[in-house]
Amino acid sequence: MRRLVRLTFLASVFLFIPDPANAAEEVSVPEILELGAELAGEEVTVEGELVGDYGFRDNGWMWTQLNGDAYVQRPIREGGQALGANVGIAVRVPVELTEALDPPGRYRNRGPVVRVTGVWKYHDSTRPGESYLQVQSLTVTEPGRQLNEEVNWTAVILGALLLVGAGVIALLTRPKDWQRPTFRC
Amino acid sequence: MLIRPVTEDFKVIGFYMGRIFLVVAAASLLPLTWAGLARESNPFGSFLLMTGVFALLGVIGVRLAPRESELDWSHGMVVVALTWLIVPMIGAIPLFLSGHFGRPLDALFDAMSGLTTTGLSLLSDVDHVASSLNFWRHFLQFLGGQGIILAALTIFAGTGGITLYIGEARDERILPSVTSTARFIWAVSVVHLIFGVTSLGLVGWQVLGFDLDRSLFHGLMVFFAGFDTGGFSPQSTSIGYYHSAIFETVTALLMVAGAMSFGLHYALWRGPRRSVFANLETRTILSTFGFTMVLTILGLAATGLFVDVAGLTRQGFFQVLSAHTGTGFSTVPPAELAKWGGLAFGGVAIAMALGGMGSSTAGGVKSLRIGLTIKAVVNQIKQVLLPEHALVGTAYHQSGRKHLTPALIQSVMVISLLYVALYLLGAGIGMAYGIPLQEALFESVSASANVGLSVGVTDPSMPILLELVYMLQMWAGRLEFVAVFSMLGFVYAWVRGK
Amino acid sequence: MTGPRDRKWLSFQGLAGGLAMFAVEALIVLGLAAVAWLASVLILAIL
C-alpha cells in the first residue's frame, strides 16, 4: 500500500514538472522592443520573418534580423498596405540551426517565417550595449517564397516619350552660333 | 519701391534651372542602370519616367535663354531655392510609384529628407524595397550633401557660379575659382568613397560574414549616408543592423569626415596642417563634441540604461557623434531612444542643434557660428569687466587671422536665432497636436538641423501640417535661410511690385 | 583644375596629403572615443 502511495506521489510530481519547451514566454517582436529591459535575460518564443542578410561569422553564429510586422503576412508586393516602418530585432542563431534556410526577405522575396526560442539579451555586457535574441531553437513555420513584380508599362512608355520629346526639342530648337546668348555675372 | 520681375528674369532663372535639371537627369541614369542590371522592372519604369521629366524640363529651361542678361544675386538665390524644391518633387516619382508610401506627400517628404541629408523617413517596409530604389534614396543624400548646384558647377563653367555656390550654404572658396573648388570637393568625396566602400565592404565580407556583393552594397549605401551625414540606411534597424564595433568605427570616421569643412580637408591635404587645430571652428567643435558626449553618458549612467563601461562608451559615443555630425545613424531603436530622458536627451538634442562645421555636409547652427558667438559674448564680458578705455582683442583664427567685426557678429546672431526659431516652430506645432514637449522638440531639432534621429513622431500617421512643417524645416535648414528668403522676396515682388 | 600644380594630386605629395587627411580623421574618432571611455569610467565610479 505504501509503495502504491509512493508511486502515485512520484507520478503526480512528474505531471507538474513544466515541459522545458513551454517555459519560454510567448511574445511578439513589438512587445520585445517595448519591454526590452523587463525581458532581459528571459527565455522567450517569438515568430517572424527573417530579412536582410545571413551573416555567418567565424565564431559559429549567424546573425540576421527577425521582423514581426504586418508585412510578414501581407507583403506590399502582394497588395499589402504601407503601414509604416518595419519592426524587427536582431537574432543570433547557432550555425547548425541554419541549414536549409530559405533566403532572407528582400525585394521580390518573402523570407522564411520562423518560430524561435531563445534568451533575450538586453544591453548585453559581453557585446557592449547590444540587444539581440540568442536563439536556442528554430522552427520554420512558413517557407520563403518569391513575390511577384509587375512592370509599370505606363511609366515606361511615358518616360520614353518624355526622353524622345526632350531630344526632339533639343534638336529642333538648337540655336545657331550667332544666336547664342551671352551671360555676365 | 519693389520692382516686379519681368519675363527676362524668369528666363534667366529658367535657363540656369534647366542646366541643373540636365545634370540631375544625367545622374538619374545611375539608378536607371542599376534597376536594369538588377532586373527590377517596376523601379526601372519609374526611373525612366523621372529621367524623362528631368530631361524635358532641362531642355525647355536651357532653350529659354534670353539674348543677354545678367545672373544677379537675387536670380541666383531663387535658382537655388527653387531647385531644392523641384528636384525632390520629381525625385519622389520613383519613391511613390514603388508602393511603399501611402500618399504622394510622404514620398515627397522622403525625397526632401534625402536631398537635404536629413534622414527622417516615412518609407514603409524598407527591408523589402528594391535595391535600385534603395540606391536612389542614398544617392539623393550624396547629391544633396555634395550640393546639386555643386554638381552642376563642376560641369558648366561659373557664370553666376559664385552666387549659386553661396546660395547652397557654402561660403568657403578653397581654390581661386568656384569650379576648381567644386572639383576639389568632388575629389575629396571620391577618395573617401573609395576608402569607405572598400573598408566597409571588407568588414561586411570578412567580419560580418555577408556575401561579397551584399557587403559592397551595404558599404556603398552606408558611405553615401555617412559621409554626406544623411542617415538613411539600407535596413530598418540602421547601423544597429550590423552588430559590429568595427563597422561602427569605420562609419564614425566617415561621419567625422563629412562633418568637417572642405576647407579643413584642403588644409589637411595640402597644408599647412598645424593651422587645422588652431582654427576656432575646429576647437569649438571638438569642445562641443566632448561636452555633449559627457552630458549624454552621465544621463545614460544615471538612468541605468547602460551599466557597464564598454556599453556606455560605445552607445553614448556613437549616438552623440551621429547627432553632432548631423548624420542620424542609430544603434538603438526609436522606441528606446525615446526613453533616453533627462541629461541623455539634453546631450543628444544639444549636439543635434549645434551641428557640424560650415561648408560641410552637416546641418545645424554650425560650429563656426557657435565659436564666434562664444567669442563675442566673452569679449562683451571682458569689456564690462575691464576699465572703460581698455582694448579687447577681436582676433580669431580661421584659415588665417581674422577679426570679429560688428557686421560679422550680426550676421552670425541672425542665422543662429533663425535656427532657434525654426526649432521652436516645429516643437510648437508638434505640441499643438498633443505630442509631449521633449519628443516634439527632439523631432523638430532633428528636422531643422538635418539630423534624422527620430523618437517615433515621424510616422505615416503623422498630421499633414506637421509633415509640411518638417519639410519646410529641412529645406530652410539645409539652405541656411538666405536663399529661402530671397525666393520669398522674389515672389512678393512679383505679386506686389510695380 | 587650376593648372599643372594640380597634377600633384596623383604624386607622392598628393598621396601623403590624402593619408594625412585620413590619419587626422581617425585621430579625432579615437580621441573622442577616449573621451567617452574616460567619462564612462569616471561617471560609473562616482555613481
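No experiment lies behind these values; they were computed from the predicted model shown. Each residue is numbered by its place in its chain's sequence as written, counting from 1. The order in which chains are written sets their letters, starting at A; the order in which ligands are written sets their numbers, starting at 1. Predicted model: local features are reported for residues with pLDDT of at least 70 only, side-chain atom pairs are reported and counted for 80 or more only, and whole-chain, interface and lining totals are derived from all residues.

A. Highlighting the overall build of chain B. Of the regular secondary structure elements, chain B holds 21 helices and 3 strands. Counting the 498 residues in chain B, one finds 63% classified as buried. Sequence separation of 24 or more characterises 74% of the internal contacts of chain B that already satisfy a separation of 6 or more. Strands are runs of DSSP state E lasting at least 2 residues, helices are runs of H or I lasting at least 4, and numbering of each runs from the N terminus. To sort residues by exposure, count the other C-beta atoms lying within 10 Å of each residue's C-beta; 20 or more gives buried, 12 or fewer gives exposed, and values between give partly exposed, all with C-beta atoms placed from the backbone. Working definition of a contact: two residues with C-beta atoms, positioned from the backbone, lying within 7 Å.

B. Highlighting the overall build of chain A. A count of helices and strands for chain A gives 4 helices and 9 strands. In chain A, the succession of α and β elements from N to C terminus is α-α-β-α-β-β-β-β-β-β-β-α-β. Relative to its full complement of 185 residues, chain A shows a buried share of 32%. For chain A, restricting intrachain contacts to residue pairs at least 6 apart in sequence, the fraction spanning at least 24 positions comes to 60%.

C. Spatial organisation of the interface of chain A and chain B. Residue-level contacts link 52 residues of chain A with 58 residues of chain B. Mapped by element, the contributors of at least two residues to the side of chain A that touches chain B are helix 3 (29–34), strand 2 (43–56), strand 3 (61–67), strand 4 (88–94), strand 7 (130–142), helix 4 (153–172) and strand 9 (182–184) of chain A. With 11 residues, the single largest contributor to the side of chain A that touches chain B is helix 4 of chain A. Considering only residue class, the side of chain A that touches chain B consists of 27 nonpolar, 17 polar and 8 charged. Think of it as three bins: nonpolar holds Ala, Val, Leu, Ile, Met, Phe, Trp, Tyr, Cys and Pro, charged holds Asp, Glu, Lys and Arg, and polar takes everything else, Gly as well.

D. View of the pairing of strand 2 of chain A. Residue and element names in this part refer to chain A. Relative to strand 2, strand 1 (residues 25–26) is paired through 2 bridges, and the arrangement is parallel. When the bridges of strand 2 are listed, Glu26 appears paired with Thr45. When the strands point away from the viewer, a crossover counts as right-handed if the route from the first strand across the helix to the second turns clockwise. Following the backbone out of strand 1, through helix 3 and into the adjacent parallel strand 2, one traces a crossover that is right-handed. Bridge count between strand 2 and strand 6 (residues 113–124): 7 bridges; the pairing is antiparallel. Note that in strand 6 the partner of Val44 across the bridge is Gly118. Two elements, strand 2 and strand 3, share 5 bridges in a ladder whose sense is antiparallel. When the bridges of strand 3 are listed, Leu50 appears paired with Leu66. Taking the residues between adjacent antiparallel strands as the criterion, strand 2 and strand 3 are bridged by 4 residues, where Gly60 takes a positive phi near 90 degrees. A strand pair is defined by DSSP finding two or more bridges across the two strands.

E. Focus on the interface of chain C and chain B. With 24 residues of chain C at the contact, the number on the chain B side is 33 residues. Partitioning the side of chain C that touches chain B into residue classes produces 19 nonpolar, 4 polar and 1 charged.

F. Expanded view of the confidence of the model for chain B. Of the residues in chain B, 96% reach a pLDDT of 70 or more, and the chain-wide mean stands at 91. Across the assembled chains, the prediction reports ipTM 0.90 with pTM 0.91. Confidence of the prediction at every residue is given by pLDDT, a number between 0 and 100.

G. Local environment of the environment of B:Val203. Residue and element names in this part refer to chain B. One can find Val203 in helix 8 (residues 178–207). Val203 sits 94 residues away from Phe109 along the chain, and the two C-alpha atoms are 32 Å apart. With sequence-adjacent residues up to four places away left out, Val203 is seen in contact with Leu208, Ser244, Ile246, Phe247 and Val250.

H. Structural detail: the packing of helix 18 (residues 406–432) of chain B against helix 20 (residues 464–479) of chain B. Residue and element names in this part refer to chain B. Between N-to-C directions, angles cover 0 to 180 degrees, with each direction set by a line fitted to C-alpha atoms, over the stretch in contact for helices. At a minimum axis distance of 10 Å, the contact between helix 18 and helix 20 shows a crossing angle of 170 degrees. When the axis of helix 18 is compared with that of helix 20, the two are roughly antiparallel. Where helix 18 abuts helix 20, its residues Leu422, Leu425, Gly426, Ile429 and Gly430 lie against Leu465, Leu466, Val469, Tyr470, Gln473, Ala476 and Gly477. A breakdown of the residues in the contact of helix 18 with helix 20 according to their chemical character gives 8 nonpolar, 4 polar and no charged. Just so you know how the angles are binned, under 35 degrees is roughly parallel, over 145 roughly antiparallel, 65 to 115 roughly perpendicular, and the rest oblique.

I. Representation of the environment of B:Val455. Residue and element names in this part refer to chain B. Note on placement: Val455 falls in the loop between helix 19 (437–448) and helix 20. Overall, Val455 belongs to the buried group, with 23 C-beta atoms counted inside 10 Å. Between the C-alpha atoms of Val455 and Tyr242, which are 213 residues apart in sequence, the distance is 21 Å. Those residues in contact with Val455, other than ones at most four positions away along the chain, are Pro334, Leu337, Ala338, Glu439, Phe442 and Glu443.

J. Structural context of helix 8 of chain B. Here, expected helix span is obtained from the residue count minus one, scaled by 1.5 Å. In this model, helix 8 of chain B (30 residues) spans 42 Å end to end at C-alpha, consistent with the 44 Å of a helix rising 1.5 Å per residue. In the stretch just after helix 8 of chain B, B:Gly209 is the one whose phi turns positive, near 80 degrees.

K. Structural view of the packing of helix 18 of chain B against helix 19 of chain B. Residues and elements named next belong to chain B. Put simply, helix 18 and helix 19 touch, their axes get as near as 8 Å, and they point 135 degrees apart. The angle between the axes of helix 18 and helix 19 places the two elements in the oblique class. Relative to helix 19, the crossing made by helix 18 is right-handed. Contacts between helix 18 and helix 19 pair Tyr419, Leu422, Tyr423, Gly426, Ala427, Gly430 and Met431 from the former with Leu437, Ala440, Leu441, Glu443, Ser444, Val445, Ala447 and Ser448 from the latter. Split into classes, the residues belonging to the contact of helix 18 with helix 19 amount to 10 nonpolar, 4 polar and 1 charged. Here is the rule for handedness: rotate from the far helix to the near one, and if that takes an anticlockwise turn smaller than a right angle the crossing is left-handed, while a clockwise turn gives right-handed.

L. Region of the structure containing the pairing of strand 6 of chain A. Bridge count for strand 6 of chain A against strand 7 of chain A is 10 bridges, and the pairing is antiparallel. Bridge pairing links A:Val113 to A:Glu142 in strand 7 of chain A.

M. Geometry of the environment of B:Ala107. Residues and elements named next belong to chain B. Within the secondary structure, Ala107 sits in helix 4 (residues 104–115). Sequence separation of Ala107 and Val126 is 19 residues, and the distance between their C-alpha atoms is 13 Å. Sequence-distant contacts of Ala107, that is, excluding residues within four places in its chain, are made with Ala92, Leu95, Phe96 and Phe101.

N. Inspection of the arrangement of the chains at higher detail. Of all 2 pairs of chains that touch, the greatest number of contacts is found between chains A and B. There is no contact between chain A and chain C; across them, the least C-alpha separation is 12 Å.

O. Structural context of helix 3 (residues 73–97) of chain B. Residue and element names in this part refer to chain B. The terminal C-alpha atoms of helix 3 lie 37 Å apart, and with 25 residues this matches the ideal 36 Å at 1.5 Å per residue to within 8%. Among the 25 residues that make up helix 3, 18 are buried, leaving the element largely enclosed by the rest of the structure. Looking one or two places after helix 3, you find Gly99, whose phi comes out positive at around 90 degrees.

P. Focus on unusual backbone geometry. Residue and element names in this part refer to chain B. Unusually for a residue other than glycine, Ser238 sits at a positive phi of about 55 degrees. Structurally, Ser238 can be placed in the loop between helix 9 (212–227) and helix 10 (245–259). Backbone geometry places Glu480, a non-glycine residue, at a positive phi of 55 degrees. Mapped onto the elements of the fold, Glu480 is located in the loop between helix 20 and helix 21 (482–496). The exposure class assigned to Glu480 is buried, which follows from the 22 C-beta atoms found within 10 Å.

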